[in-house]
There are 2 protein chains.
Amino acid sequence: MSSKTWQDLVAQKRLHQASCIPPAWVLPNPPPQDVLNVIGVPETCGLLSSKEIEITNAHVVDILQKLASGVWSAVEVTTAFAKRAVIAHQLVNCLTEIFIDRALERAAQLDKHFKETGKVVGPLHGLPISLKDQINIKGIESTMGYVSWIGREVTKNSVLADILEQAGAVLYVKTNIPQTLMWPETYNHIFGRTRNPHNRSLTSGGSSGGEGALIALKGSPIGVGSDIGGSIRIPSNFNGLYGLRPSFHRIPYAGCVNSLEGEDSVVSVLGPMAHSLDGIKAFMKTVAEAKPWLRDPVSVRKGWREEEYGLADHGGAGADGKLCFAILWDDEVVKPHPPVIRGLELARDALRAAGHKVIDWKPYKHAEIFRNVDAIWGAAEKEDYTLAASPAQEPLISSMLLSIDDPEGFKAQMALLGTSVAPPVFRERPDGVSAFALWQIHKERRVLREEYLEYWNATVGETGTGRPVDAILSPAAPYTAPPHGFNRNANYTMIWNNLDYTALIIPTGLTVDPSVDVKVPPHEFHNSADKANYELYNPEVFKGGPICIQLIGRTLEEEGVIAMGEIVDNAIKKKRAGSEKANTKL
Amino acid sequence: MSSKTWQDLVAQKRLHQASCIPPAWVLPNPPPQDVLNVIGVPETCGLLSSKEIEITNAHVVDILQKLASGVWSAVEVTTAFAKRAVIAHQLVNCLTEIFIDRALERAAQLDKHFKETGKVVGPLHGLPISLKDQINIKGIESTMGYVSWIGREVTKNSVLADILEQAGAVLYVKTNIPQTLMWPETYNHIFGRTRNPHNRSLTSGGSSGGEGALIALKGSPIGVGSDIGGSIRIPSNFNGLYGLRPSFHRIPYAGCVNSLEGEDSVVSVLGPMAHSLDGIKAFMKTVAEAKPWLRDPVSVRKGWREEEYGLADHGGAGADGKLCFAILWDDEVVKPHPPVIRGLELARDALRAAGHKVIDWKPYKHAEIFRNVDAIWGAAEKEDYTLAASPAQEPLISSMLLSIDDPEGFKAQMALLGTSVAPPVFRERPDGVSAFALWQIHKERRVLREEYLEYWNATVGETGTGRPVDAILSPAAPYTAPPHGFNRNANYTMIWNNLDYTALIIPTGLTVDPSVDVKVPPHEFHNSADKANYELYNPEVFKGGPICIQLIGRTLEEEGVIAMGEIVDNAIKKKRAGSEKANTKL
């Protein structure tokens, strides 16, 4: 055993990380910490050429087209994204592993192949893709934020890394996560905290918070996150991104590192995050068509189904195409803040303007479904985390509050929040239970899933389409990005994990505006968490946070949810364009 | 609480069962117990008309065609199968619930519909289907052999019963199972023991042993069994039937009763058993096309895929259609008896004669994969069974030996087996473990599954097709039907459950023939179970048992396995027809 302390190991690892940044890409004038909104910095900092800005701002399909037609080279595109990723990292601390030389070498090979054959190697030829830290790439560490995992050799690509590389993608950075992965924010002892680029006093969310912040700053066109209780959707929501939580086992997980391994019932899934919806589709289609079940025994044998993307189960594209959406306004666990409601109202009005029907979705046993999934993880999580952290004598983290790494920032934050707001208490983890007790929780879960399915099917009488509700619209959280350490309600995401429904985050393009999103009078509180959430809302504190909505479809309905997502997204964009035009007229 | 003993409750239930048999269908001259082979009795007993014999001997597709063209009525077909089922029951004790009046009423409604509209109600119009006891039918008890479950009201059809009825099937009997379902034979305190109609001194297998015996006697054209470790395939194997173990969650299980509920990792699946392969296909296609995922939240969203049935992933039907099969001759846990090897040799020769390639399949960690799944169930099985049995003070059964219900038969059996054979010891169940310990077993399982998949893929260099082995051929057990209580090696079935591979039993048409299947000299034993199995083999004891093989495909590859099953089945039939012709010439 080494005599180094865990702090020694961290210092060494951080130094190594810094050494991977090309000196020319170090920000000459980084904005001081009290500059909260840094979204515009990559384009104004002077490090990116106008072409690099053009490349990194483009949509995925455009980038792929320009690569496939030789307009842009893979080296150009990789350089642009790598540079912007490193800039992003200096602003919000979003990366873990940085391996740009390797990426540029790979990009050069792709360019050579293209030059020689005139052909792309696959549908993602030359596209840089960032990966959450836990997704193994041969030769790159996957510490997952555990000090004891520093130095562990990764001898093999994960199945997903293989599929992406074979499709032509260029891997270049891995992104930050919280210790254990089981936090909805992003902080660990090795890499520290990732902040929200829209407002650095707010959390980037988690556990795929590094991805969220990186993509928001356009340091990556597509990032891969993982989601066991919201870990793709929460950072997508807080950073204003598209993010898909696919169903269990649609995207291959084999060969990644993880928490709670062996917990087989409500499992983590990998999925894409992007700033354009076409990126989500390109990723899902590419992976499904690669037949992942031939490489990962748990992956579902179901390729990309174009007829499901054509909404064959929702009246079909050939029909008049009118869908019925139902909006969940309040899950009766924690009522959302005003900006979240404003986002849903925009979606409602936009969909109605586009001719769709929109009804209300009343919650069904959401608190029970939420408690049930918590009990499944709680059955043995303590042993799991302890086993991972203890070899390095690294302590388990029990709070995401700024007080743990930025006491000054914490004081300022609490002053802004006011005396009526108490910070969340530090987390205690439950002791484990017996296998038989766990089976009884699984059994309860099955009943809840059966009931929820019946409940959904029973909406057939209210839709006017002859079908049950086509998809549900819901908040992704009861708030937009909250201050660091205050993201304590994952009820709007965890429920869909437990039910295994496909769920997509869609940004509305709106952000929290204190002049519009004023605090409303208190409602009758559902419980103490609801009251605490009401009290937390302060428009000045939440200012600038993106407003997103969540679209929920059925299990293994990724194609249909993406297609319905396009409908919602287009309706919102059209509605907003119309409003802006109307405003301009005034 | 009632003051009745569990024995009182059993007596009452048995009386009720007997009262459900129409008096005219009671066998006038049942064969005495020492008549072992009763396969021919239904046709010779005098209760069935020649038309009823024709109907019950027909293949499923023929029956459906005659029903759909009005040649046979649903009432005629139902009457024929119900009568033959009741005859079968009197020979081998295969039924639990008998509800013929209800079935005939339903059949009459179907006939009325057909007469009025000229149309069938669905693809299974008028076809009687028998169900394993655990599959809930509204108004019919599902005791699953637990005395404490007698009298429990079943208020709702299971999803599968609904789908079958909506497709036009007629439900008429439920079939016998062992207490707990977790035995590979069939005996419980309520309904007693099911025997093998080919040789009543042998077991019918289990847990779907009632189905196996019933269908072997052609008392049902399609039966639905369940399989967590071989419970469809073992009785199919011992009774000479086709039986498919579909992958997890392909056939909806919602609304059934079960053992080990909440054990989510290696779960029981429902699947068809039949005496013709077209019955297996008709069942799978019908259920998949009914979109079970819209009614059962756990069912996979994957309809019947005709292109997979066309072997698109195996060179396609349009190619020259040459496949590569690999034969597992010995899993190095327990070596099979000579008749089992003879069955595999026939398959090998038949496939080679049909132009396919046949290579050997070397086992990969079969003992570990087998122990792993055993440990998963063992994590909490004791608590599960105890909870179900204890309300009626019913003891848990710890052996399937004849000594427990037929001491005289047991003595005779042991005399025939000889002094070198010791009966299996009574079973002790392990104490439960912690949820964390269970997760570690699940984790080990995932690694084994990944390794086995890689192992399969690595055969690509040996096949000559450019693909890895298309399917594996394997014994379904290390023996044909053994004496009651001696079925103690489920290693050849449980492994595929743990790996979640699609597996189909195919009868070769051969049966154990003491003049051919002579005892071979001892081999170097793998372990004590292997030695005990070698010693057990005695051609006279096993005489008449059907010889079957098992065909194994990949996860969720039901369509492909059925199609490859047709290829194997046709090759064997052709080969046997050729041999018989050749023999006749001599």
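Residues numbered from 1 in each chain as written. Chains lettered and ligands numbered in written order. Predicted model: local features only at pLDDT ≥ 70, side-chain atom pairs only at ≥ 80, totals over all residues. Heavy atoms only, no water.

Topic: the interface of chain B and chain A
Of the residues lining the interface, 50 residues belong to chain B; the matching set on chain A comes to 50 residues. Of the roughly 4100 Å² buried between chain B and chain A, counting both surfaces, carbon and sulfur atoms make up 55%. For chain B, the biggest contributors to the area lost against chain A are Pro297, Arg301 and Trp439 of chain B; these three give 22% of the whole. Where chain B packs against chain A, one counts 18 salt bridges. Along the contact surface separating chain B from chain A lie 21 residue pairs in polar contact (both at pLDDT 80 or more). Elements supplying a minimum of two residues to the side of chain B that touches chain A: helix H11 (306-309), helix H13 (366-378), helix H14 (381-389) and helix H16 (435-457) of chain B. The element that contributes the greatest number of residues to the side of chain B that touches chain A is H16 of chain B, accounting for 13 residues. (Contact = heavy atoms within 4.5 Å. Buried area = accessible area lost by both parts, 1.4 Å probe. Salt bridge = Lys/Arg side-chain N within 4 Å of Asp/Glu carboxyl O. Polar contact = N/O pair within 3.5 Å; in protein donor to acceptor, adjacent residues only side chain to side chain. Helix = DSSP H or I, 4+ residues; strand = E, 2+ residues; numbered from the N terminus.)

Looking at the sheet that holds strand E6 (residues 222-227) of chain B
All names here are of chain B. Spatially, eleven strands are ordered E1-E3-E2-E6-E8-E7-E12-E13-E11-E9-E10 in an open sheet, and the strand pairing comes out mixed. A single partner strand is all that each edge strand has here, and the edge strands are strand E1 (95-98) and strand E10 (357-360). Geometrically, the sheet is characterised by an average inter-axis angle of 25° between neighbouring strands, direction not taken into account. As paired elements, strand E7 (residues 242-245) and strand E8 (residues 269-274) share two bridges and run antiparallel to each other. Across the sheet, Tyr242 pairs through a bridge with Ala274, a residue of E8. (Pairing = 2+ DSSP bridges. Axes fitted to C-alpha atoms, helices over the stretch in contact; angles between N-to-C directions.)

Describing the domain arrangement of chain A
Residue and element names in this part refer to chain A. Looking at chain A, the domain boundaries give domain 1 (37-261 + 275-304) and domain 2 (321-379 + 433-584). Listed per partner, the contact involves 42 residues of domain 1 and 45 residues of domain 2. Note on domain 1 versus domain 2: buried area summed over both sides is about 3500 Å², and carbon and sulfur give 58% of it. Our count for the contact surface shared by domain 1 and domain 2 stands at three salt bridges. Linking domain 1 with domain 2 are 28 residue pairs in polar contact (both at pLDDT 80 or more), by the criterion used here. Elements supplying a minimum of two residues to the side of domain 1 that touches domain 2: helix H9 (233-239), strand E7 (242-245) and helix H10 (277-289). Residue contributions to the side of domain 1 that touches domain 2 peak at six residues, all from H9. A per-class count over the side of domain 1 that touches domain 2 returns 17 nonpolar, 15 polar and ten charged. (Domains from an automatic or database assignment. Nonpolar A, V, L, I, M, F, W, Y, C, P; charged D, E, K, R; others polar.)

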